[in-house]
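Each chain, letter by letter, is given below.
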Amino acid sequence: MTIEMQRGSVIVMDRRRGKLRAGQGLLQGLKVVWDHWAGSFRTNDNFSKIHGTFTVEYPDERLPMPQAYRNMPVLLFDDESGHELCTGCYQCQRICPPQVIHITQAKDPVTGKMVPAATEFIIEYDACMSCGFCAEVCPFDSIKMDHVYELSTADRVSLTMRKTQLNRPISYYTGIAPDLWAEAQAGAMKKLQGSIKRRPDVIGLAASLTEKIKARRLELAAAGQVAGGGGQEAGVAPAAPAAKLTPEEKAAKLAAMKAAKQAGGAPAPAEAPVELSPADAKAAKLAAIKAANAAKQAGAAPAEAPVELSPADAKAAKLAAIKAANAAKQAGAVPAPVEVPSTPLDAKAARLAAIKAANAAKQAAEQSNNE
Amino acid sequence: MQDVVNQVINTSFGWGWPSWAIALIGYLIVAAILFGIAPFQMLFLTLYERRAIARMQDRIGPNRVGPEGAFQPLADGVKIFTKEDIVPAAADQWVHFIAPCVVVAPTMFMFAVLPWGPGMVPVDMNLGLLFFFAISSVSAVGLMMAGWASSNKFALVGAMRAVAQMVSYEIPAVLSLLAIVMVTGSLSIVELINYQGGLFISTRDVASVPDWGLGWFIFSPVGFLAFIAFFIAALAEGERTPFDIPEADSEIVAGYMTEYSGMKFGLFYLAQYVLNFLLCAITSIIFFGGWQGPGVGWLYAQAITPANLQGDWIFNVLAGVLGVFYFLLKTYGFFFVMVWIRGAYARLRIDQLMDFGWKFLIPLTLVNIFSAAIWVGLTKWGAADGLAFVEGWSPLMRWAVAFAVTLILNLGAYLFLARIFAQSQDERTRQDDEVLEQLTNVA
Ligand code: SF4
Ligand code: SF4
């Protein structure tokens, strides 16, 4: 008998109570056991059944793991470029409760500056408690929880995993958790492109991919010959100036990101800003705000973002404007003829860019509303 | 065996050996076979039990070692042989050492009178049944030795329980067998089996029934009640759930085996499983005709026997194979029932065990003896014994009347005793509650 409830149903066993004759209870007990015995030759593939064997004969058969199953953390690298996603940001090392992650940040051999990559990455599996905090906190979606649980070794030392042992291609991760990767993919790949641009030489390439490294070395050597020397720096994008963001810059960035999101839903592209002149700060900022507002209005409830202006935020505002424009472009449905000047030198140009971006965003929003 | 050996050596080869040599050879062969078979039974039964109980619990059971786990018992054996043998410092070394042997030896003796097939009995004693049960009680001494010598309170409690349980349950077991012995008029196990030819009705009771080897005692009310009582008593004697009180692991660790390890523990284990096998075997022999079954009697009639020396040896083999097949089928069937009961019931308390044995089973078996007497009177006696009124009835009629009378008597006795027993148990629970109430002041 089942009783239907709002959420699912309750199964009520018929215990066949009532008056029992002498010895009848014992026979009923035997009947129950007999039913289980007879039923056990069938497999119980669905757990709502009472009878049937549901043993999974472990070494021969395994249960499929849920995608979100987590056992031990591994590091991802990109299949095509061979670059590791990790930037050596230390977030995971900081959050790890038993402190089993140890990272060495990569340095540019020429300039000695930090490079967004890790030269060594150690996780002591023996003390890792599989909490998954590292995977959760990683801003670059580089560290992910693996599904492999057969890790027994004869000694403790072989559970200290170095980077080469931790590296897994992204294709491996999509194999075990396709949905989780689909969520993270766009952002992670974008950030990876950013990191790759700032990685000199073969830093950041997965050490196991020897052909990739060789090819890259050849490429670098060729580039060095063409340029006539300085092979190390060849093909490397200029590093971003490491300046702290002021609150205003942050606000502008945020606004730009919002605009981008509302216009197209695509994550904000993280692109290295180019050199800016400090003169057009105000104008650019204003333009960015306008763009953001326009995009917002097009999509959802209008929200004013009054931001104090300071002459220092020129760069950020500009960046925001470009981002907004890009986002609108990416929204894709409407071909937005936006030309973003790569190095605008005055207020007008910035304003123009912002207005264009705003228009594009508006159009995109309308388009999507109409659809 | 001896007739076969005699046939082969003296008749086929014509060597003319003396009869004592023939007997010696025959006994040696049989003893060798039995000492091989006994541990093998234990190995097989452990696997059998584990697989069967696993199925009852919706599991699969050991199936990794060899095909379907066939070599699992061997793996267990190797493990137990290589274990360290620990003797507690406070133990009585010699008694502690000898106890497992004292427990195992009787189970080996019991094989001596166990018929495996037609003509396949090591020794056909005319007191076989008595021998069997007398010897089986000897192991109680071994258990007591083990418990006492271990100087461990759990071991001692376990041994005390084991002995108390064995002694109490010997009585209903023997009383229920007494009813059967009254019907057959013989204590020989071979005779007991021979009596069970026929079809539903034994040929000894009604000569006209065809002999299909199915005239088992279980089909008569006397035999049925005796079977139930005997099987319950056998469970208690073999220390099977729900009567595994002597080794109740949740209460007293492992009872008398607590301080044993390695192969000494293995010997207790062996004794237990061999005893279980023997109890199942004797149940199937006494109540289910042992090797009796369709075809065996006919085959054996044409084999080389003391009565028929002109027989063909091929029929010895055929009858033997078929007889052993039936016998083992029944025996393992009963072992399955033991496992089934283990899967179904919880362990009894010691007082419940005693209550059940003394207040329910013994009165019931006593009534059964009375029924057996009526049965014998109605089917066998005549005017000379003072039962003139049955003289005119046909054998079938006499059998039918005996069946009806004993059925009514046994059924009535069972229902009556069951009610009284239930009432007494309720009363006991009520009293327990009262005592609890007084002690705790909580209603
Ligand atoms: S799963 Fe938890 S314990 Fe293991 S490395 Fe990551 S943060 Fe540290
Ligand atoms: S794994 Fe992620 S969080 Fe850890 S250092 Fe690399 S990028 Fe940072």
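What this report covers is the structure whose coordinates are included nearby. Just so it is clear, the structure is predicted and the values come from calculations on it, not from any experiment.

## Things to note about the side chain of B:Thr406
All names here are of chain B. Relative to the assigned elements, Thr 406 resides in helix H15 (residues 395–440). Within the structure, Thr 406 has its side chain in polar contact with the backbone oxygen of Ala 402 (distance 2.7 Å). In this structure Thr 406 touches Pro 221, Val 222, Ser 371 and Trp 375, once residues within four positions along its chain are discounted.

## Brief notes about the pattern of salt bridges
Side chains carrying opposite charge are able to pair once their charged atoms draw close together. Residue and element names in this part refer to chain B. According to the stated counting rule, one finds 20 salt bridges over all chains in the structure shown. Asp 76 is the salt-bridge partner of Arg 50, the closest N and O atoms lying 2.8 Å from each other. Of this pair, Arg 50 sits in helix H2 (residues 19–56) while Asp 76 sits in helix H3 (residues 72–81), and the two are 26 residues apart along the sequence. For Asp 76, a relative accessible area of 26% gives the class partly exposed. In this structure, Asp 355 engages Lys 359 in a salt bridge whose closest nitrogen and oxygen atoms are separated by 3.5 Å. On the criterion of helical spacing, the pair formed by Asp 355 and Lys 359 is a turn pair, its members being four residues apart in helix H14 (residues 350–380).

## Details of the packing of aromatic side chains
All names here are of chain B. Applying the stated criterion across every chain yields a total of 42 aromatic pairs over all chains. Measuring from ring centre to ring centre gives 5.7 Å for Phe 227 and Phe 287, while their planes differ by 65°; the resulting arrangement is edge-to-face. Highlighted residues: Phe 227 in helix H9 (residues 221–237) and Phe 287 in helix H11 (residues 262–288), separated in sequence by 60 residues. Exposure remark for Phe 227: the relative accessible area of 12% places this residue in the buried category. With 4.8 Å between their ring centres and 70° between their planes, Tyr 260 and Phe 268 make a pair best called edge-to-face. Exposure remark for Phe 268: the relative accessible area of 2% places this residue in the buried category. Following the ring pairs from residue to residue traces out a cluster consisting of Phe 44, Tyr 48, Phe 111, Trp 116, Phe 265, Tyr 269, Tyr 273, Phe 277, Phe 327, Tyr 332 and Phe 335. One residue, Lys 153, lies across the ring of Phe 154, its end atom 5.4 Å from the ring centre.

## Thoughts on the sheet that holds strand E8 (residues 167–169) of chain A
Note on sheets: strands pair through backbone hydrogen bonds, and any given pair is parallel or antiparallel. All names here are of chain A. Reading across the sheet, the three strands line up as E6-E3-E8 and stay open at both edges, with mixed pairing between neighbours. The open sheet has two edge strands with one neighbour each: strand E6 (143–145) and E8. The average angle at which neighbouring strand axes cross in this sheet is 50°, direction not considered.

## A closer look at the interface of chain A and chain B
Chain A puts 20 residues into the contact, and the matching count from chain B is 16 residues. Roughly 1,600 Å² of surface becomes buried between chain A and chain B when both sides are summed, with 61% attributable to carbon and sulfur atoms. Put simply, chain A and chain B have one salt bridge between them. Grouping the amino acids of the side of chain A that touches chain B by side-chain chemistry returns 11 nonpolar, seven polar and two charged.

## Points about H11(B)
Residue and element names in this part refer to chain B. Spanning 27 residues, H11 covers 38 Å between terminal C-alpha atoms, matching the ideal 39 Å at 1.5 Å per step. With 23 of its 27 residues buried, H11 lies for the most part within the structure. Note on H11: the residue one or two positions beyond its end, Gly 289, has a positive phi of about 75°.

## Re the sheet that holds strand E4 (residues 101–107) of chain A
Residues and elements named next belong to chain A. Here three strands make up an open sheet; going across it, the order is E4-E5-E7 and the pairing antiparallel. At either end of the open sheet lies a strand with only one pairing partner, and these are E4 and strand E7 (160–161). Two elements, E4 and strand E5 (residues 114–124), share seven bridges in a ladder whose sense is antiparallel. Bridge pairing in E5 places Lys 107 opposite Met 114.

The rules behind the values
- Residues numbered from 1 in each chain as written.
- Chains lettered and ligands numbered in written order.
- Predicted model: local features only at pLDDT ≥ 70, side-chain atom pairs only at ≥ 80, totals over all residues.
- Heavy atoms only, no water.
- Helix = DSSP H or I, 4+ residues; strand = E, 2+ residues; numbered from the N terminus.
- Polar contact = N/O pair within 3.5 Å; in protein donor to acceptor, adjacent residues only side chain to side chain.
- Contact = heavy atoms within 4.5 Å.
- Salt bridge = Lys/Arg side-chain N within 4 Å of Asp/Glu carboxyl O.
- Buried < 20%, exposed > 50% of the residue type's maximum accessible area, 1.4 Å probe, protein only.
- Phe/Tyr/Trp six-rings, centres within 6.5 Å; stacked < 30°, edge-to-face > 60°.
- Lys NZ or Arg CZ within 6 Å of the ring centre and 35° of its normal.
- Pairing = 2+ DSSP bridges.
- Axes fitted to C-alpha atoms, helices over the stretch in contact; angles between N-to-C directions.
- Buried area = accessible area lost by both parts, 1.4 Å probe.
- Nonpolar A, V, L, I, M, F, W, Y, C, P; charged D, E, K, R; others polar.
- Expected span 1.5 Å × (residues − 1).

Read these as geometric descriptors, not functional statements.
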